[in-house]
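# Observations on the model geometry
Residue-level listing of the chains:
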Amino acid sequence: MLGYTTTIMQDLPSHYDSLEQTLQSAESILEDAIRNAKNLFHTPVISSHSAEGIQTRTVVLRDFIKDSRIIRFHTDLRSPKVAELQANPAATMQGYDPSIKIQLRMLGLAEVHHRDAVTEAAWAETREMSKECYSVADAPGLSIDDPNAFDIDAKNLDLELGYANFCVVLFQFDSLEFLHLKGSGHRRAKHVWLNNDLSSSWLIP
Ligand SMILES: Cc1cc2nc3c(=O)[nH]c(=O)nc-3n(C[C@H](O)[C@H](O)[C@H](O)COP(=O)(O)O)c2cc1C
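The structure displayed is predicted, hence computed values, not measured ones.

Burial of strand β4 (residues 70-76) is extensive: 7 of the 7 residues sit out of reach of the surface. Alternating residues of β4 divide into I70, R72, H74 and D76 and I71, F73 and T75, and every residue in both groups is buried. Sheet topology places strand β3 (residues 63-65) next to β4; 3 bridges connect them, and they run antiparallel. Note that in β4 the partner of D63 across the bridge is R72. From the end of β3 to the start of β4, which pair antiparallel, there are 4 residues, and R69 there has a positive phi angle of about 60 degrees. In terms of strand pairing, β4 meets strand β7 (residues 166-180) through 7 bridges, oriented antiparallel. In the sheet register, H74 faces β7, and the bridge partner there is V168.

Structure below.
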């Protein structure tokens, strides 16, 4: 038995009979993941194209706007993912939570925001501890000799200077794949939006 469960587990169907149910569950999971760190979709992975190939990394899901299918996360302007997503906004996001045996896979486009109304609103709601990361002396990913030299001294820090490095990424998906693992029969469904028209179908798991 795993030592954690998502709080929404009891609200999810134990079996999926309809495509609508699969989309509703996916949306409930993503909404719950905004504030529930025990929901493993709170930390999904997002993949982007880089010159070396596909790059994948974990991020914290900060918001999910159901109607527009937008997932928000925060990052550092100087991190490689920003340049990658600006060069090619096509991205995939994925997560799996074993406590509910559900995988979600989303394909879409990522939009990077810096020093605009979107970042201002997000920065205003960012906790001090999270703001500290954006004051690190140089670009995340640079090769260094001594990691101690880049530890953050929170006591002697003007947190607001970090705003210059703060970015918001809005990932809007137009495809969502839902997979529920169950011994009696896995259920896999795909939902695709063309403009705002949704078409849904079952897939062989
Ligand atoms: C649990 C967890 C949460 C993370 N959240 C974020 C995040 O919200 N934003 C971010 O830029 N990096 C986050 N990271 C670090 C990234 O996974 C990654 O290592 C870093 O951003 C560098 O990515 P890049 O070189 O592809 O730009 C997180 C890592 C972990 C393990």
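Structure shown, so let's carry the discussion forward.
Now for the side chain of H42. Mapped onto the elements of the fold, H42 is located in the loop between α1 (19-33) and β1 (45-50). Not counting chain neighbours up to four residues away, the residues in contact with H42 comprise A33, I34, N36, A37, V59, V60 and L61.

Position of S99 among the secondary structure elements: in the loop between β5 (90-97) and β6 (102-114). On the basis of relative accessibility, which here comes to 10%, the residue S99 falls in the buried class. When the C-alpha atoms of S99 and N39 are compared, they prove to be 8.8 Å apart, with 60 residues separating the residues in sequence.

Conventions and cut-offs
- Residues numbered from 1 in each chain as written.
- Predicted model: local features only at pLDDT ≥ 70, side-chain atom pairs only at ≥ 80, totals over all residues.
- Heavy atoms only, no water.
- Buried < 20%, exposed > 50% of the residue type's maximum accessible area, 1.4 Å probe, protein only.
- Helix = DSSP H or I, 4+ residues; strand = E, 2+ residues; numbered from the N terminus.
- Pairing = 2+ DSSP bridges.
- Contact = heavy atoms within 4.5 Å.

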